Amino acid sequence: MTTGSRVLALGHHQPATVLTNDELAAMVDTSDAWIRSRVGIRTRHVAGPEESVDDMAATAAGKALAHSGLAPGDIDLVLVATCTAVDRSPNTAARVAARLGLASPAVMDLNVVCAGFTHALATADHAIRAGSASRALVIGVEKFTDVADWTDRSTCVLVGDGAGAAVVTAAEEPGIGPVVWGSVPEMGNAVRIEGTPSRFSQEGQAVYRWATTQLPPIARRVCERAGVAPEDLAGVVLHQANLRIIEPVARKLGAVNAVIARDVVESGNTSAASIPLALSKLVERGEVSSGAPVLLFGFGGNLSYAGQVIRCP
């Protein structure tokens, strides 16, 4: 048994191709002003047909592993949060393990859509606390542009591709707080990726109302369970869904001294990848100090949510 776990290192990857609002306006009836005013997004990264979900996941995970100073053989658990992997077996986690030369880790994919990474991080924390693992790779990755309906201006302007990863290890002092998680099953159809081929659609106003009214008290409960007051947070990394959701939720939370991640502006909504992607960038830029408390809070598909306070690596 161990006392807890902590995030040791982070890494991220985004495709080289950037799609601007003006370029989108040539594809669908929209404009830069319309997109910025409604969702706050300026650009998004788009993976080409040759760059798969497991390509992006392995690249981000390789960077996190390199930053951690651990060897590939040290990892005994790989968890990948994704809802856009095309192939079912071998799963994305197994393909990442093979690419990175990991020895014999447990490998699992989790599909909790936009709340996937925080669910996966909690699962890794639980496994390490229980003694079932000692060092884990936790990855959020999406090729969300694969499931976009490029004729629907209300959704195609949102999506982007990318991956973020964390190395999680056992720790004497807990560096990952208790998770608060759940869902609203009766509203699960508000966000959908359905059909053949699969396409993303949502009831935008219903999601907006739910997120801005119901999530702030849940986020405060995450802080309470971690024993951290919102005003003591150094960073807040919410799922990068929409700037019009991120800013009011952060404001209602009361995290007045925190750096608020706004990676959605340049990356769009990358679903399960959005939290580790934004967090990795904050750490890379030195915007949050090592050891400082940071709230991670994912929400979205299934109208599910999961959050925890971590100590910044």
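Please refer to the structure higher up on the page.
A short tour of the structure in this document, coming up. None of these values were measured; they are calculated from a predicted model. (Residues numbered from 1 in each chain as written. Predicted model: local features only at pLDDT ≥ 70, side-chain atom pairs only at ≥ 80, totals over all residues. Heavy atoms only, no water.)

1. Thoughts on the sheet that holds strand E4 (residues 77-81)
Each strand in a sheet pairs with its neighbour through backbone hydrogen bonds, running either in the same direction (parallel) or in the opposite one (antiparallel).
Piece 1. Taken in spatial order, the five strands of this open sheet run E1-E7-E6-E4-E5, and their pairing is mixed. The sheet is open, and its two edges are formed by strand E1 (4-13) and strand E5 (106-110), each paired on a single side. Strand-to-strand twist across the sheet, computed as the mean angle between neighbouring axes with direction ignored, equals 20°.
Piece 2. Bridge analysis of strand E6 (residues 135-143) against strand E7 (residues 161-171) gives nine bridges, and the strand direction is antiparallel. Bridge pairing links Leu 137 to Val 167 in E7.
Piece 3. Contacts from helix H3 (residues 53-68) reach E1, E6 and E7 within the one sheet, and its direction differs from that of E1 by about 125°.
Piece 4. On top of the sheet, helix H5 (residues 116-130) reaches E1, E4, E5, E6 and E7; it is set at about 160° to E4, its chief contact. (Pairing = 2+ DSSP bridges. Helix = DSSP H or I, 4+ residues; strand = E, 2+ residues; numbered from the N terminus. Axes fitted to C-alpha atoms, helices over the stretch in contact; angles between N-to-C directions. Contact = heavy atoms within 4.5 Å.)

2. What about the sheet that holds strand E8 (residues 180-183)?
Piece 1. As summarised here, the arrangement of the five strands in space is E8-E14-E13-E11-E12, forming an open sheet in which the pairing is mixed. The open sheet has two free edges, formed respectively by E8 and strand E12 (259-260), since each of these has just one partner strand.
Piece 2. Sheet topology places strand E13 (residues 293-300) next to strand E14 (residues 304-311); eight bridges connect them, and they run antiparallel. Looking at the pairing, Val 294 lines up with Ile 310 of E14.
Piece 3. On the sheet, H5 packs against E8, E13 and E14 and is oriented at approximately 55° with respect to E14.

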